[in-house]
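This is what each chain is made of:
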Amino acid sequence: MLKTRKYKWIDILRIPFEISPLLLVAFVLLELTQALISTFAIVFATSFFVDTAFAVIADELIVSTVYAPLGALLGVVAISNIFDHLLGLLQSRLKIVIEFKLEPTILDTRASLKYKYIEDSDTCELVERLSEGIVENMLNGVRAFTTVARSIVSIAAILSLILTQVWWATILIAILSIPLLWMSLKAGGKNYNAWMEAWPYERRFSYYSDDILTSREATQERTLFGYADYIVNLHGEHFEIARKIQEKVAIRTKMAMEATGIFMSVIALLISFTLIKPVIAGTLNPGMFMGIVAAVFTMATSIGGTLQEAAKNLSYAKRCMDDLTAFMALDLQEGATDLPDKIPPVFERLSFKNVWFKYPNAENYALRNVSFDIEVGNHFAFVGANGSGKTTIIKLLTGLYDVYDGEILINGKELRTYEASTLKAMFSVVYQDFSRYEISLADNIALGNTSENVSIEDIHKVTDKVALTDTITNLKDGLRTPLGKIDKDGSDLSGGQWQKVAIARSLISPAPIKILDEPTAALDPIAESRIYQEFEELMRGKTTIFISHRLGSTKLANEILVIESGEITERGTHNKLIKMRGVYAKMFELQRRWYE
Ligand SMILES: Nc1ncnc2c1ncn2[C@@H]1O[C@H](COP(=O)(O)OP(=O)(O)OP(=O)(O)O)[C@@H](O)[C@H]1O
């Protein structure tokens, strides 16, 4: 239901209207009726009751005649309360239907965003802000529109009541309402700007409190380094900056509100004072006088604050529409949520031809004129210092970034022309920062092959290969044991065991090219050596690309590519590179010395 276009003010109402016209119309009508009840009906009911009561006091009427107006007054108050509750209910219902319609659309779009956005902090901030706030902001926006409409109806109702008595007051209020409305909108806008200014600090202090001070991952370091006080101080500093920014505006807004309230009360007093004359002259009933005075004072004291709040919410909702415009304009990755093809493609050859690549917004190239060929069935290893560009090559290969110079050819065809589902079926990757899913161990592995129904036997085959069998036996429910701490029966694994799970997930995938980015960094030497033995066996006929700082593992490779600052500087087998006495030989020698 959301499209790529410019979202404007009116969309704050239009989107909820498209989602549920009935609910929105009912909500608006009820709000307006409530405005009429709380002015007209209350004024007339008060007037009816007070006049009858005065007549009873003056012995003009018997006591029982007061029951009907009293009942009418109570009835009006009761109806007004019922309407308030109905409005609350409608609002909750509206919230649920908006959530139900918008959230899946936002989530779908979010899941299909191009990968470049995932690594861009501005876009991440936009996506977070929109996903978290759109329903609330839209609902507050609708409320703000109806509040403004309600205030206008209330003012008009009061004006129509006093028009015949104090015409000048009608004109005065009508004229003053315009700057009042304008001032309220301005104050609301200022509130919003203060929130925007404070937002980066709020994000920071939420990060300190939610991610560092209370997160499970940071517990050990937090305890060991005892840095809690240090972070609490940082949290306090950012909290204080955010508080000061918002407090400054809050004080000004409060003062403006108070000033408006006092000003409006003076006008209300003036109107009340002027209305005494027609009461004495007998052209205005005392009951009507009291009803109007009460309504005028209620309006005078609440209108400034109500309108300012509405204006603030309108500013938030408008900003939310700007965010929605920006969000819907983001590039989507075609086929991002498609499953990999059921039948893996046949792989023959992969070529990088003079590839240059720069990350979006980065100044320097991460890859410079990179060229290499990978043939089916061979094993390749990328070696190089931290930040030299190894993982970047994998990101390009798997289609995460598609803006580069040069060519990347798979079976002679440019990578960018492949369907996403084919590329997904081509590669299986064990990422350096692989994911730890807090679901069952079996599901953790089965996620590697979602195109087929993976059997328990298939899972056992791969867990044997990565030496996880003993771990599974020791778990309470074996493969069915939930991992992590979300589930109360969950079991946690060690870092190395989690890494084995990630390798098993990759092994169960039928993809013809296996990519392993630092696949054994968390494994003990025995597990590592065993996995390499298994790999030789397992990878026979498959093509593998290894990234590893452990140069023992690269001995298995048919070709080792040494990468420095984004450029391939050496290539060849282990023996050839050792003989070359270049960077690889130096790195290998340094590592070897540690083990002597
Ligand atoms: N999303 C990004 N935006 C901008 N620059 C990035 C991004 N990701 C990586 N880089 C930069 O690109 C260069 C290559 O990074 P890459 O992750 O490919 O290194 P690597 O060789 O895999 O390092 P390591 O051995 O530490 O994993 C580095 O200078 C890094 O700072």
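Residues numbered from 1 in each chain as written. Predicted model: local features only at pLDDT ≥ 70, side-chain atom pairs only at ≥ 80, totals over all residues. Heavy atoms only, no water.

Helix and strand counts for the protein stand at 19 helices and 10 strands. Against the compact-globule benchmark of 25 Å for 596 residues, the protein has a radius of gyration of 35 Å, which places it well outside the compact range. Summarising its shape, the C-alpha atoms of the protein cover approximately 120 × 50 × 50 Å along the three principal directions. Burial analysis of the protein (596 residues in total) assigns 46% to the buried set. For the protein, the share of sequence-separated contacts (at least 6 apart) that also reach a separation of at least 24 residues comes to 74%. (Helix = DSSP H or I, 4+ residues; strand = E, 2+ residues; numbered from the N terminus. Rg over C-alpha atoms; globule rule 2.2 N^0.38 Å. Buried < 20%, exposed > 50% of the residue type's maximum accessible area, 1.4 Å probe, protein only. Contact = heavy atoms within 4.5 Å.)

Considering all chains together, one arrives at 17 salt bridges under this definition. With a closest N to O distance of 2.8 Å, arginine 129 and aspartate 323 form a salt bridge. Of this pair, arginine 129 sits in helix H5 (residues 121-162) while aspartate 323 sits in helix H9 (residues 286-328), and the two are 194 residues apart along the sequence. The pair formed by arginine 129 and aspartate 323 is uniform in burial state, with each residue classed as buried. A salt bridge links glutamate 247 to arginine 243, with the nearest nitrogen and oxygen atoms 2.6 Å apart. Remark: arginine 243 and glutamate 247 occur in helix H8 (residues 228-281); sequence separation between them is 4 residues, near one turn of the helix. Overall, the relative accessible area of 30% leaves arginine 243 in the partly exposed class. (Salt bridge = Lys/Arg side-chain N within 4 Å of Asp/Glu carboxyl O.)

Together, Lys186, Lys190, Lys248 and Arg252 give the surface a local cluster of positive charge. Within the secondary structure layout, lysine 190 lies in helix H6 (residues 167-213). Taking relative accessible area as the criterion, lysine 190 reaches 40% and is therefore assigned partly exposed. (Patch = residues over 30% accessible without salt bridge, like charges linked within 9 Å, V, L, I, M, F, W, Y side chains within 5 Å. Areas by Shrake-Rupley, 256 points an atom, 1.4 Å probe, with all protein chains shown as cover. Lys, Arg positive; Asp, Glu negative; His and termini not counted. Charge placed at Lys NZ, Arg CZ, Asp CG, Glu CD.)

Attention now moves to the sheet that holds strand S2 (residues 367-375). Read across the open sheet, the 4 strands follow the order S2-S1-S4-S5; overall the sheet is antiparallel. Looking at which strands have only one partner, the edges of the open sheet turn out to be S2 and strand S5 (413-414). Here strand S4 (residues 405-410) pairs with S5 via 2 bridges, running antiparallel. Its bridge partner lying in S5, leucine 409 is registered against glutamate 414. On the sheet, helix H10 (residues 390-397) packs against strand S1 (349-357), S2 and S4 and is oriented at approximately 115° with respect to S1. (Pairing = 2+ DSSP bridges. Axes fitted to C-alpha atoms, helices over the stretch in contact; angles between N-to-C directions.)

To continue, consider the side chain of lysine 395. Note on placement: lysine 395 falls in helix H10. Not counting residues up to four positions away in its chain, the partners in contact with lysine 395 are Tyr115, Glu119, Tyr359, Leu400 and Tyr401.

Turning our attention to the domain arrangement of the protein. Per the domain assignment, the segments making up the protein are domain 1 (11-328) and domain 2 (349-595). Each side of the interface is counted separately: domain 1 has 6 residues, and domain 2 has 10 residues. Together domain 1 and domain 2 conceal approximately 630 Å² of surface at their shared face, both sides included; 43% is due to carbon and sulfur atoms. There are 1 salt bridge connecting domain 1 and domain 2. A salt bridge links lysine 114 to aspartate 402; its shortest N-O distance comes to 2.8 Å. Where domain 1 meets domain 2, there are 2 residue pairs in polar contact (both at pLDDT 80 or more). (Domains from an automatic or database assignment. Buried area = accessible area lost by both parts, 1.4 Å probe. Polar contact = N/O pair within 3.5 Å; in protein donor to acceptor, adjacent residues only side chain to side chain.)

Tracing the backbone through its elements, the reader meets serine 428 in strand S6 (residues 427-430). Sequence separation of serine 428 and leucine 507 is 79 residues, and the distance between their C-alpha atoms is 8.0 Å. Beyond its immediate chain neighbours, meaning those up to four positions away, serine 428 contacts Ser506, Ser509, Ala511, Ile513, Lys514 and Ile515.

Bringing the site of the ligand into the picture now. Taken together, 14 residues form the shell around the ligand, and within it Glu119, Gly387, Lys390, Thr391 and Thr392 come nearest. Take lysine 390: an N or O atom from its side chain is 2.9 Å from an oxygen atom of the ligand. Starting from 640 Å² of accessible surface for the ligand in isolation, the protein chains cover 66%. (Near = heavy atom within 4 Å.)

Strand order in the open sheet formed by 6 strands is S6-S7-S8-S3-S9-S10, and the pairing between neighbours is mixed. Edge positions in the open sheet fall to S6 and strand S10 (567-572), since each of these has one partner strand only. Pairs of neighbouring strands in the sheet enclose a mean axial angle of 20°, with direction left out of account. Of the strand pairs in this sheet, strand S3 (residues 379-383) and strand S9 (residues 559-564) are connected by 4 bridges, and their pairing is parallel. Bridge pairing in S9 links phenylalanine 382 to leucine 561. Packed on one face of the sheet, H10 meets S3, S6, strand S7 (513-517), strand S8 (543-547) and S9 and runs near 145° to S8.

A complete count under the given rule lists 11 aromatic pairs for this structure. Both rings, one in phenylalanine 352 and one in phenylalanine 372, keep their centres 4.5 Å apart while their planes meet at 15°; by these two values the pair is stacked. One end of the pair, phenylalanine 352, is in strand S1; the other, phenylalanine 372, is in strand S2, and 20 residues separate them in sequence. As far as the burial class goes, phenylalanine 352 and phenylalanine 372 line up, both buried. Between tryptophan 356 and tyrosine 365, the aromatic rings sit 5.2 Å apart at their centres with planes inclined by 80°, giving edge-to-face as the arrangement. Here the aromatic residues Tyr115, Phe357, Tyr359 and Tyr401 are joined through ring pairs into a cluster of three or more. Taking the ring centre of tyrosine 7 as reference, the NZ or CZ of arginine 5 above it sits at 4.1 Å. The ring of tyrosine 418 is capped by lysine 413, whose NZ or CZ atom sits 4.5 Å from the centre of that ring. (Phe/Tyr/Trp six-rings, centres within 6.5 Å; stacked < 30°, edge-to-face > 60°. Lys NZ or Arg CZ within 6 Å of the ring centre and 35° of its normal.)

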